[in-house]
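Understanding the architecture of this molecule
The lines below spell out each chain.
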Amino acid sequence: LPAVASLIYRRTYHNNQVIEMDPKLDWAANLSHMMGHSSTGAMELMRLYQTIHSDHEGGNVSAHTTHLVGSALSDPYLSFAAGMTGLAGPLHGLANQEVLLWINGVKKELG
């Protein structure tokens, strides 16, 4: 997955210049590296980002709602719309905003 994600990123923003994976790096650090961000700070930030968002397999409101509505064999659009509606709640959508504020604060403090 990191190879596919980084390929799309590099193809879109860096003239299709692909960076090969480094077998010495972990999953998140490899994604950062292959996207072209190989500093220790960037790799640590990617690890943190992956950890924070690892609950999206079904443990949060939007993912759970999308799976639940889809399990009723509803139209995929309706499943997606249900999940997006879950983002409007202050305990889910606001949580993402709080993470972005925290990351921006870290960037401002550490440079």
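Provided above is the structure to which this section pertains.
Residues numbered from 1 in each chain as written. Predicted model: local features only at pLDDT ≥ 70, side-chain atom pairs only at ≥ 80, totals over all residues. Heavy atoms only, no water.

The next subject is helix α2 (residues 27-35). Judged by how many residues are buried, α2 sits mostly within the fold: 8 of 9 residues are covered. The set of residues buried in α2 consists of Ala28, Ala29, Asn30, Leu31, Ser32, His33, Met34 and Met35. In the core, the buried residues of α2 are packed alongside α1 (2-13) and α3 (40-52). You can read the cap of α2 off the contacts: a side-chain oxygen lies 3.1 Å from the backbone nitrogen of Ala28, and it is on Asp26. (Buried < 20%, exposed > 50% of the residue type's maximum accessible area, 1.4 Å probe, protein only. Helix = DSSP H or I, 4+ residues; strand = E, 2+ residues; numbered from the N terminus. Contact = heavy atoms within 4.5 Å. Polar contact = N/O pair within 3.5 Å; in protein donor to acceptor, adjacent residues only side chain to side chain.)

A few words on the environment of Gly41. Examined against the element boundaries, Gly41 turns out to sit in helix α3. Residues Gly41 and Leu31, 10 residues apart in the sequence, show an inter-C-alpha distance of 13 Å.

Moving on, we come to a nonpolar patch on the surface. Together, Leu1, Val4, Ile8 and Trp27 give the surface a local cluster of nonpolar side chains, amounting to about 460 Å² of exposed area. Structurally, Leu1 is set in the segment before α1. (Patch = residues over 30% accessible without salt bridge, like charges linked within 9 Å, V, L, I, M, F, W, Y side chains within 5 Å. Areas by Shrake-Rupley, 256 points an atom, 1.4 Å probe, with all protein chains shown as cover. Salt bridge = Lys/Arg side-chain N within 4 Å of Asp/Glu carboxyl O.)

This part takes up the packing of α2 against α3. The N-to-C vectors of α2 and α3 enclose an angle of 125°; their axes lie 8 Å apart at closest approach. Comparing their axes, α3 and α2 come out oblique. Seen from above, α2 lies across α3 with right-handed handedness. Listed contacts from α3 to Trp27, Ala28, Ala29, Leu31, Ser32, His33 and Met35 of α2 are Ala42, Met43, Met46, Arg47 and Gln50. (Axes fitted to C-alpha atoms, helices over the stretch in contact; angles between N-to-C directions. Parallel < 35°, antiparallel > 145°, perpendicular 65-115°, else oblique. Left-handed = near helix turned anticlockwise from the far one by under 90°.)

A full pass over the atoms with the stated rule returns 2 salt bridges. Across the pair Arg47 and Glu44 runs a salt bridge, and its minimum N-O distance is 2.6 Å. Of this pair, Arg47 and Glu44 both sit in helix α3, 3 residues apart, which is roughly one turn of the helix. One continuous salt-bridge network, built from bridges that share partners, spans Asp26, Glu44 and Arg47.

Looking now at helix α4 (residues 61-71). All of the buried residues in α4 are Ser62, Ala63 and Thr65. On an axial view of α4, the arc spanned by its buried residues comes to 165°, and they lie on one face. Exposed positions of α4 whose direction lies more than 90 degrees from the buried face are Leu68 and Ser71. Leu73 sits one or two positions beyond α4 and adopts a positive phi of about 60°. (Arc of directions from axis to C-beta.)

Secondary-structure assignment places His33 in helix α2. A polar contact is formed between the side chain of His33 and the side chain of Ser38, at a distance of 3.0 Å. Excluding residues that lie within four positions of it along the chain, His33 makes contacts with Ile19, Glu20, Met21, Asp22, Leu25, Ser38 and Met43.

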